[in-house]
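Understanding the architecture of this molecule
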Amino acid sequence: SREMASPPPFKSFFFPLSLQLFSIVIFGCIANEGYINRPNEVQEYCIFNQNQNACNYGVFMGSMAFLCCVAFLALDVYFPQISSVKDRKKAVLTDIGVSAFWSFMWFVGFCFLANQWQATDQQDDPLRERGDAARAAITFSFFSIFTWAAQAFLGFQRYKLGSDSALFSQEYTDPSQDAAAGSGPYTSFGGDDLENSVFDGNAGYQRQDY
């Protein structure tokens, strides 16, 4: 039979929501408090060793990761409605690949930010006003590495489960639609006989042969 019950949820919403939170923290910390200026200067510098690339990297990665999480949440909601086997495979494989990519990118980002923060001259922030924001961005970058890796692992488990079950081997058919398609048009009882009969007021319907 090609009929299959509705596929199980794509994955738990816990990791996408956690990653959204992490990306917001990283983006917010760097965008709002990642720039300082010395008391005798007007120009602002990136708190990470005055390296503008470090702040740009953190802001870009945080914003793009947030948008990516929103897209995957939408895919999670839509996944049970995907009827094509090929499309379901593509969705799961895309999840694995993108999650692994983001895990690697956050590893690079963590190393980059941590290195630049270690090389930062404390005189650049004599009042220690931005240290907490910098450390928060580095910490949540570190958490993002393992969270995205866990997301990729769950996607891989999902792919294995689908390969061993009916999820990737049968086309999905909505039971209600299948039942509706299987029911033919209504045929009245004795329809052929009624078409070939006339009504007689005394004897009722009389069959007429032509």
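Residues numbered from 1 in each chain as written. Predicted model: local features only at pLDDT ≥ 70, side-chain atom pairs only at ≥ 80, totals over all residues. Heavy atoms only, no water.

- If you look the protein chain up in an unreviewed UniProt entry, it shows as Synaptogyrin 1 from Hippocampus comes.
- If you open the UniProt record of the protein chain and go to Sequence similarities (unreviewed entry), you find "Belongs to the synaptogyrin family."
- Comment text from UniProt for the protein chain, heading Subcellular location (unreviewed entry), reads "Membrane". (UniProt positions renumbered as here; feature names shortened; annotations may be inferred.)

**Looking at the nonpolar core**
- Ile30, Phe48, Trp102, Trp106 and Trp148 are the most contacted members of the largest nonpolar core, which has 35 residues in total.
- Sorting the residues of this core by element identifies helix H1 (14–33), strand E1 (35–36), helix H2 (52–78), helix H3 (85–118) and helix H4 (131–164) as the ones contributing at least two each.
- Per-element accounting of this core gives the leading share, 9 residues, to H2.
- Those residues in contact with Trp102 that sit more than four places away from it in its chain are Met61, Met64, Ala65, Cys68 and Trp148. (Core = buried A, V, L, I, M, F, W, Y, C linked by side-chain atoms within 4.5 Å. Buried < 20%, exposed > 50% of the residue type's maximum accessible area, 1.4 Å probe, protein only. Helix = DSSP H or I, 4+ residues; strand = E, 2+ residues; numbered from the N terminus. Contact = heavy atoms within 4.5 Å.)

**Digging into the state of the cysteines**
- Summed over the entire model, instances satisfying the criterion amount to 1 disulfide.
- Across the disulfide, Cys46 is cross-linked to Cys55 (sulfur-sulfur distance 2.0 Å). Between Cys46 and Cys55, the disulfide has an S-S torsion of 90° and is therefore right-handed.
- Residue class for Cys46 comes out buried when judged on its relative accessible area of 2%.
- Its relative accessible area of 0% is what places Cys55 among the buried residues.
- Not engaged in a disulfide, the cysteine Cys69 finds its nearest cysteine sulfur in Cys68; these two sulfurs lie 6.0 Å apart.
- Since its relative accessible area comes to 2%, Cys69 is described here as buried. (Disulfide = S-S within 2.5 Å.)

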